[in-house]
Amino acid sequence: MTDARLAELADRLPNLRLLTDPADLEHYGRDWTRRWTPKPLAVVLPGDVAEVQVIVRWANAYGVALVPSGGRTGLSGGAVAANGELVLSLERMNRVLGFDAVDRTLSVQAGMTLHAVHEAAQSHGLIYPVDFAARGSCSIGGNIATNAGGIRVIRYGNTREWIAGLTVVAGNGELLQLNRGLIKNSSGYDLRHLLIGSEGTLGVVVEATLRLTDPPPPSQVMLLALPNMDALMEVFGLFRSRLNLQAFEFFTDVALKHVLAHGAQRAIEGEHPYYVVTEFDADEAAQDAALAAFEQGVDRGWISDGVIAQSEAQAAALWRLREGITESLAPHRPYKNDISLRISALPLFLHEIHQLLGREYPHFEVVWFGHIGDGNLHINVLRPEALSDEDFIAQCEHVTKLLAATLERHGGSISAEHGIGLVKRAYLRSTRSEAEIALMRGVRQVFDPKGLLNPGKLFG
Ligand code: 2HG
Ligand code: ZN
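Near ligand 1 you find L75, R322, T326, K336, F369, H371, H378, N380, E417 and H418, and these make up its full shell. A distance of 2.6 Å separates an oxygen atom of ligand 1 from a polar atom in the side chain of K336. Protein burial of ligand 1: of its 300 Å² of free accessible surface, 88% is covered by the chains. Going through the elements one at a time, β15 (365-371) and β16 (376-382) are the ones with two or more residues in the shell around ligand 1. Here the residues of the shell around ligand 1 sort into 2 nonpolar, 5 polar and 3 charged.

Neither face of strand β3 (residues 66-69) is open: one carries L66 and P68, the other V67 and S69, and all of them are buried. Of the strand pairs in this sheet, β3 and strand β4 (residues 86-89) are connected by 4 bridges, and their pairing is parallel. Counterpart to V67 in the pairing with β4 is V87.

Looking now at the packing of aromatic side chains. A complete count under the given rule lists 6 aromatic pairs for this structure. On the basis of an interplanar angle of 55° and a centroid distance of 5.0 Å, the ring pair of F236 and F248 is categorised as tilted. Of this pair, F236 sits in helix α8 (residues 229-242) while F248 sits in strand β11 (residues 245-252), and the two are 12 residues apart along the sequence. Overall, the relative accessible area of 1% leaves F248 in the buried class. Through a chain of ring-to-ring contacts, three or more aromatic side chains come together here, namely Y361, F364 and F392. The side chain of R155 reaches across the aromatic face of Y156, ending 5.9 Å from its centre.

A few words now on the sheet that holds β16. Taken in spatial order, the 7 strands make up an open sheet running β13-β10-β12-β11-β15-β16-β14, and their pairing is antiparallel. A strand with exactly one partner marks an edge of an open sheet, and here the two such strands are β13 (305-308) and β14 (335-340). When the angles between neighbouring strand axes are averaged without regard to direction, this sheet yields 15°. One ladder, built from 7 bridges, connects β11 with strand β12 (residues 274-281); its direction is antiparallel. For F250, the partnering residue across the bridge sits in β12 and is V276. Across the sheet, α8 lies against β10 (219-226), β11 and β12, angled at about 170° from β11, the strand it touches most.

One water molecule sets the probe size; rolling that probe over the atoms shows where empty space is left. One number sums up the size of the second largest pocket: a volume of about 870 Å³. Contributing to the lining of the second largest pocket are 34 residues, with R160, I196, G197, R432 and M440 lying nearest its centre. Listing elements by their share of the lining of the second largest pocket, those giving two or more residues are α7 (191-195) and α15 (434-447). With 4 residues, α15 is the single largest residue contributor to the lining of the second largest pocket.

Further remarks concern the sheet that holds β4. Pairing is mixed in the open sheet, where 4 strands are placed in the order β1-β2-β4-β3. Edge positions in the sheet fall to β1 (17-19) and β3, since each of these pairs with one other strand and no more. Looking at each pair of strands side by side, their axes are set apart by 20° on average, direction ignored. Contacts from helix α3 (residues 49-62) reach β2 (42-45), β3 and β4 within the one sheet, and its direction differs from that of β4 by about 165°.

Another aspect to go through is empty space enclosed by the protein. Per the stated rule, a full pass over the model turns up 1 cavity of 30 Å³ or more. Of the voids in this model, the largest cavity is the one considered here, and its volume is about 40 Å³. Along the lines of polarity and charge, the residues of the lining of the largest cavity split into 7 nonpolar, 1 polar and 1 charged.

All right, on to a nonpolar patch on the surface then. A cluster of nonpolar side chains, namely Y189, L191 and L194, defines an oily patch on the protein surface of about 340 Å² accessible area. Position of Y189 among the secondary structure elements: in the loop between β8 (175-178) and α7. Taking the relative accessible area as the measure of exposure, Y189 reaches 78% and is therefore exposed.

As a further point, take α15. Here α15 spans 20 Å end to end across 14 residues, near enough to the 20 Å set by a 1.5 Å rise per residue. Each element contacted by the buried residues of α15 is listed here: β7 (163-170), β8 and α7.

The element β15 is largely enclosed, with a buried count of 6 among its 7 residues. As defined by bridge partners, β11 adjoins β15 across 2 bridges and the pair is classed as antiparallel. Bridging from a neighbouring strand, F251 pairs with F369 of β15. With 7 bridges joining them, β15 and β16 adopt antiparallel strand pairing. Looking across to β16, one finds that V366 is bridged to V381. Counting the residues between successive antiparallel strands, the hairpin from β15 to β16 contains 4 residues, one of them, G375, with a positive phi of roughly 75°.

Before going further, it helps to examine unusual backbone geometry. One non-glycine residue, R34, lies in the positive phi region at around 60°. In this fold, R34 is placed in the loop between α2 (22-29) and β2. One non-glycine residue, R333, lies in the positive phi region at around 45°. Examined against the element boundaries, R333 turns out to sit in the loop between α12 (325-329) and β14.

Our next topic: the packing of helix α13 (residues 346-360) against helix α14 (residues 389-410). Interaxial distance between α13 and α14 falls to 11 Å at its minimum, and their mutual angle equals 165°. Looking at the two axes, α13 sits roughly antiparallel to α14. Handedness of the α13/α14 crossing: right-handed. Along the contact surface, α13 presents L348, F349, E352, I353, L356, L357 and E360, while α14 presents H398, V399, L402, L403, T406, L407, R409 and H410. When grouped by side-chain class, the residues that make up the contact of α13 with α14 number 9 nonpolar, 3 polar and 3 charged.

About the criteria used
Residues numbered from 1 in each chain as written. Chains lettered and ligands numbered in written order. Predicted model: local features only at pLDDT ≥ 70, side-chain atom pairs only at ≥ 80, totals over all residues. Heavy atoms only, no water. Near = heavy atom within 4 Å. Polar contact = N/O pair within 3.5 Å; in protein donor to acceptor, adjacent residues only side chain to side chain. Areas by Shrake-Rupley, 256 points an atom, 1.4 Å probe, with all protein chains shown as cover. Helix = DSSP H or I, 4+ residues; strand = E, 2+ residues; numbered from the N terminus. Nonpolar A, V, L, I, M, F, W, Y, C, P; charged D, E, K, R; others polar. Buried < 20%, exposed > 50% of the residue type's maximum accessible area, 1.4 Å probe, protein only. Pairing = 2+ DSSP bridges. Phe/Tyr/Trp six-rings, centres within 6.5 Å; stacked < 30°, edge-to-face > 60°. Lys NZ or Arg CZ within 6 Å of the ring centre and 35° of its normal. Axes fitted to C-alpha atoms, helices over the stretch in contact; angles between N-to-C directions. Contact = heavy atoms within 4.5 Å. 1 Å grid on protein atoms, 1.4 Å probe; cavity = no way out; pocket = protein on both sides within 12 Å on 5 of 7 lines; lining within 4 Å. Points joined across faces, edges and corners; volume = space filled by probe spheres on them. Patch = residues over 30% accessible without salt bridge, like charges linked within 9 Å, V, L, I, M, F, W, Y side chains within 5 Å. Salt bridge = Lys/Arg side-chain N within 4 Å of Asp/Glu carboxyl O. Expected span 1.5 Å × (residues − 1). Parallel < 35°, antiparallel > 145°, perpendicular 65-115°, else oblique. Left-handed = near helix turned anticlockwise from the far one by under 90°.

Okay, here's the thing in structure tokens:
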């Protein structure tokens, strides 16, 4: 080993997996953004908490920056290592630590995938309800680091709601047990909630105690075609007032075009500018209510067409139309926006932003989709083939400035669920005041005095 510091770390931890092969550096140094060239110093894959502590203390001794790393499915560059950092991958720490039937909690290591967490919960007849398309690859630690949301937030809330306790290695290597699974705990600052959404800048989440809940009643999935954007909010109001919604997601005809080209199956014929996939509790009364809501939507001109899944396979096919969008757009190297507003602010905002994007992006294909029931829009701008990445991003950044200013006026957020990472750090000020940012920096300083945890992320 040429690097004496790494050699010393390897000496101290004989069982540590340490990778320096160029292919590994590339693999572990990037996330789904694909915008930065990975350039980590090395990759370590500790096998337990004690090893993580030794690594963090070693990093402090040598002033080496660390990038905590989960499934690297992030879309904001939060797990990118492009500046000689040591990637600290939690991949090997992927076990269930315990289930408590009385507390209804599942304790897990941070490297477990979300899918494995779902399966573990299910094996006890319960669910961990946070869910989204990257479930097979993303890690629960990464979910916690970004307070991940997804497709069930409308019913169950974000990751934050489901974290009963966290075990964290702070920036100085100290081990913290935060909240210890308690439901009620009025004993001062709740540091657990500071860690959730901190994007690896305050500590390394090594273990989590997750709250589980009962599975939902049987549900039904419906796909609706809508004639315009105003109808979207009207139909949402209508369905929410009549049904117990589990999900209410939207996408445009442009998104549909891509997802169909990627192998999904068309479920509604004809041209329609907007679509909704909704899932709701479906006892007999609810089925009647759904039909009544659908008919009322049609009568008012808000719904042009619709199908209701008749089988689990058809429900999965309808969901694929929504969940397959990100993957279908990936070859176009999209510039991603992940914004949120109060639902009440959405109608006015949608009109303003529609005009803004129409004016500023006349030559780019713009794909709208997202969790409209949570006030969360994903606006993906596709790179025309003739344009270099650099020019494309520069043009998009110009529009993001305008978008951020509009969001600020409407009291929205520049990141709803993907995090700030590297991608959105220049726009943090549109969502957080100077005073808030100063406090956030102060908190970071306390947890990680040398600023070695994920430097450059979140604040820039
Ligand atoms: C989703 O909702 C994910 O599908 C990804 O948050 C969104 O690709 C995106 O912009
Ligand atoms: Zn999303």
